[in-house]
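So you can see what is in the structure, the chains are spelled out below.
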Amino acid sequence: MEHPLQAWRDTLRELGVVGLVRELAPEPVAPPPSRRVTPEAPPPPPAAPAAYAPPAGPVACPPAAAVQAAATLGDLQCAIEGCLACPLGPGRMKFVFGEGDPAARLLFVGEGPGRDEDLQGRPFVGKAGELLDKMIGALGFSRETTYIANIVKCRPPDNRTPTPEEARTCLGYLQRQIELIRPDVIVTLGATPLRELAGITEGITKLRGQWQRIQVGGREIPLMPTFHPAYVLRQYTQEVRRAVWQDLQAAKEWLDRPAGS
Ligand code: URA
C-alpha cells in the first residue's frame, strides 16, 4: 500500500525540493496473527472495600482522656503517634505530628502530609513547603519561631483531600496541640483546614483574607484563611501571590499590634 505522504513527497521531488522531507519509513506491517489464541480469563472484579475497623487497644486508638491528659507536645506525640483510628493510619510511612516552637504565637495549619512529609515525618518539606518557608522567612519568622501542623497527621493516598471522617477523627489531636501551643493567630492554608477548624465550607477564593474566630479549649483565636502554597505553585500569578502576601501580612500586623489595642 502506498504511504499516505508518498504523493506529497513525489510532488516535492518533481519540484526539485530535496532534503526537506525524510525518507519515509515503510508503513509498519502488522504481525501475523498468532495461530492459536487462548483467550485470557477476564480479571476478577475488584473486591468491594471492607469497612475499616480500627484495631482495639490503647495504642491503636488513643482514648480521648489520654489526649486530654497530655501536658506537653511531647506527651501528646507519644500518646497518639501509633494511632490507627482511621484508614489513613495503616498506610502511612511516618506519622507527621507537626513541628516548631511549642509556644509559637503564629500557627500554620495545612491539609495533610504528602509523599515527602510521609517519608520524613515532618510537615511541609516538599515543594509547597519550600514556598511556605520562603513566605514565613519574608514575614520575619522561621520554622523554629512558628509552628506548622496539619489537619490529618497521616498521608492520604495519592495526596487526595482527607475525607470529613478522617479529618474529624484527627481533629481532637490538633485541638489539643492548639491548646498546648496557645497561638495568638492561626493561618489556615487552603480550604480543608478552614472547613475543619472553623466549620466554613464557603470557597477559599471568596473567604481568604477575611478574619475568622474559632474557640479552642475555651480560648478565642483569630484565624486568617489563605491559599495553600501548592495552589500558589499551580497558579503562580501575581494576583494569587499578592493575595497570600496580604493575608500573611495581616496576620503579622495582628501579632505586632500594641498590647491592649
Ligand atoms: N501539604 C499540606 O497540606 N501539608 C503538608 O505537610 C505538606 C503539603
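The rules behind the values
- Residues numbered from 1 in each chain as written.
- Predicted model: local features only at pLDDT ≥ 70, side-chain atom pairs only at ≥ 80, totals over all residues.
- Heavy atoms only, no water.
- Helix = DSSP H or I, 4+ residues; strand = E, 2+ residues; numbered from the N terminus.
- Buried < 20%, exposed > 50% of the residue type's maximum accessible area, 1.4 Å probe, protein only.
- Contact = heavy atoms within 4.5 Å.
- 1 Å grid on protein atoms, 1.4 Å probe; cavity = no way out; pocket = protein on both sides within 12 Å on 5 of 7 lines; lining within 4 Å.
- Points joined across faces, edges and corners; volume = space filled by probe spheres on them.
- Nonpolar A, V, L, I, M, F, W, Y, C, P; charged D, E, K, R; others polar.
- Core = buried A, V, L, I, M, F, W, Y, C linked by side-chain atoms within 4.5 Å.
- Phe/Tyr/Trp six-rings, centres within 6.5 Å; stacked < 30°, edge-to-face > 60°.
- Near = heavy atom within 4 Å.
- Polar contact = N/O pair within 3.5 Å; in protein donor to acceptor, adjacent residues only side chain to side chain.
- Areas by Shrake-Rupley, 256 points an atom, 1.4 Å probe, with all protein chains shown as cover.
- Sits in = over half its atoms within 2 Å of the grid points.
- Arc of directions from axis to C-beta.
- Pairing = 2+ DSSP bridges.
- Salt bridge = Lys/Arg side-chain N within 4 Å of Asp/Glu carboxyl O.

Trainee: Would you mind showing me how to read the overall build of the protein here?
Mentor: Assigned secondary structure in the protein consists of ten helices and six strands. Every one of the 261 residues in the protein was classed for burial, and the buried ones make up 38%. Once local pairs closer than 6 in sequence are excluded, the contacts in the protein between residues at least 24 apart make up 68%.

Trainee: Which parts of the structure should I look at to understand the layout of surface pockets?
Mentor: Where empty space is left becomes clear once a probe the size of a water molecule has been rolled over the atoms. Within this model, the largest pocket holds a volume of roughly 550 Å³. Contributing to the lining of the largest pocket are 27 residues, with Glu111, Gly112, Ala128, His228 and Ala230 lying nearest its centre. Of the residues contributing to the lining of the largest pocket, the split by class is ten nonpolar, ten polar and seven charged.

Trainee: Teacher, can you tell me more about the nonpolar core here?
Mentor: Note that soluble globular proteins tend to have their nonpolar side chains buried in a common cluster. Counting residues in each nonpolar core, the largest one holds 57 residues, and the members touching the most others are Ile186, Val187 and Leu197. Broken down by element, the residue count for this core peaks at seven residues, all from helix H6 (residues 164-181).

Trainee: Any chance you could explain the packing of aromatic side chains here in plain terms?
Mentor: One pair of aromatic rings is described through two measures. These are the centre distance and the angle between the planes. Under the defined criterion, the tally for this structure stands at two aromatic pairs. Relative to Trp254, the ring of Trp211 lies with its centre 5.9 Å away and its plane at 50°, an arrangement referred to as tilted. With a gap of 43 residues between them, Trp211 in the loop between helix H8 (204-207) and strand E5 (212-216) and Trp254 in helix H10 (residues 238-256) connect regions that are remote in the sequence. Residue Trp211 is classed as partly exposed on the basis of its relative accessible area of 36%. When the centroid spacing of 4.8 Å and the interplanar angle of 40° are considered together, the rings of Phe227 and Tyr231 count as tilted.

Trainee: Quick question: what am I supposed to make of the side chain of Thr188 here?
Mentor: Residue position: Thr188 is located in strand E4 (residues 185-189). The contacts of Thr188, once residues within four sequence positions are left out, are Val109, Pro193, Leu194, Leu197, Leu223, Met224, Pro225 and Thr226.

Trainee: Is there a simple way to think about the site of the ligand in this case?
Mentor: By nearness alone, every residue bordering the ligand is listed as Gly110, Glu111, Gly112, Glu117, Pro123, Phe124, Asn150 and His228. The contact in question runs from a nitrogen atom of the ligand to an N or O atom on the backbone of Gly112, over 3.0 Å. At 2.8 Å, a side-chain N or O of His228 approaches an oxygen atom of the ligand. When the free accessible area of the ligand is taken as 240 Å², the share hidden by the protein chains comes to 91%. In a pocket analysis with a 2 Å cut-off to the grid points, the ligand is assigned to the largest pocket. Residue composition of the shell around the ligand, by class: two nonpolar, four polar and two charged.

Trainee: What's the story with empty space enclosed by the protein in this structure? I'm lost.
Mentor: Enumeration over the complete set of coordinates arrives at one cavity of 30 Å³ or more. A volume near 90 Å³ is recorded for the largest cavity.

Trainee: For this particular structure, what's the right way to read helix H3 (residues 73-80)?
Mentor: In an α-helix, one turn spans 3.6 residues; hence positions three or four apart end up facing the same way. Those residues of H3 that fall on the buried side of the exposure criterion are Leu73, Leu76 and Ile80. Within H3, the buried residues cover an arc of 60° as seen down the axis, which keeps them to one side.

Trainee: Sorry if this is basic, but what is going on with the pairing of strand E3 (residues 147-150) here?
Mentor: Looking along a regular strand, one sees the side chains alternate between the two faces of the sheet. Residues of E3 alternate between two faces, with Tyr147 and Ala149 on one and Ile148 and Asn150 on the opposite face, all of them buried. Strand direction decides the pairing type here: strand E1 (residues 99-100) and E3, joined by two bridges, are antiparallel. Paired with Glu99 across the two strands is Ile148, which belongs to E3. Sheet topology note: the strand E2 (residues 106-110)/E3 ladder contains four bridges and is parallel. Residue pairing across strands places Phe108 opposite Ile148, the latter belonging to E3.

Trainee: Would you take a moment to explain the environment of Leu88 for this structure?
Mentor: Looking at the secondary structure, you find Leu88 in the loop between H3 and E1. Distance in space between the C-alpha atoms of Leu88 and Pro156 is 6.0 Å, their sequence separation being 68 residues. The residues contacting Leu88, other than those within four sequence positions of it, are Val152, Cys154, Arg155, Pro156, Pro157, Arg160 and Glu166.

Trainee: Teacher, can you tell me more about the pattern of salt bridges here?
Mentor: When the charged atoms of two side chains lie near each other, side chains of opposite charge can form a pair. Summed over the entire model, instances satisfying the criterion amount to 15 salt bridges. With a closest N to O distance of 2.6 Å, Asp184 and Arg105 form a salt bridge. One end of the pair, Asp184, is in the loop between H6 and E4; the other, Arg105, is in the loop between E1 and E2, and 79 residues separate them in sequence. The class of Asp184 is partly exposed, set by a relative accessible area of 27%. For Arg143, the salt bridge goes to Asp133, with nearest N and O atoms at 2.8 Å.

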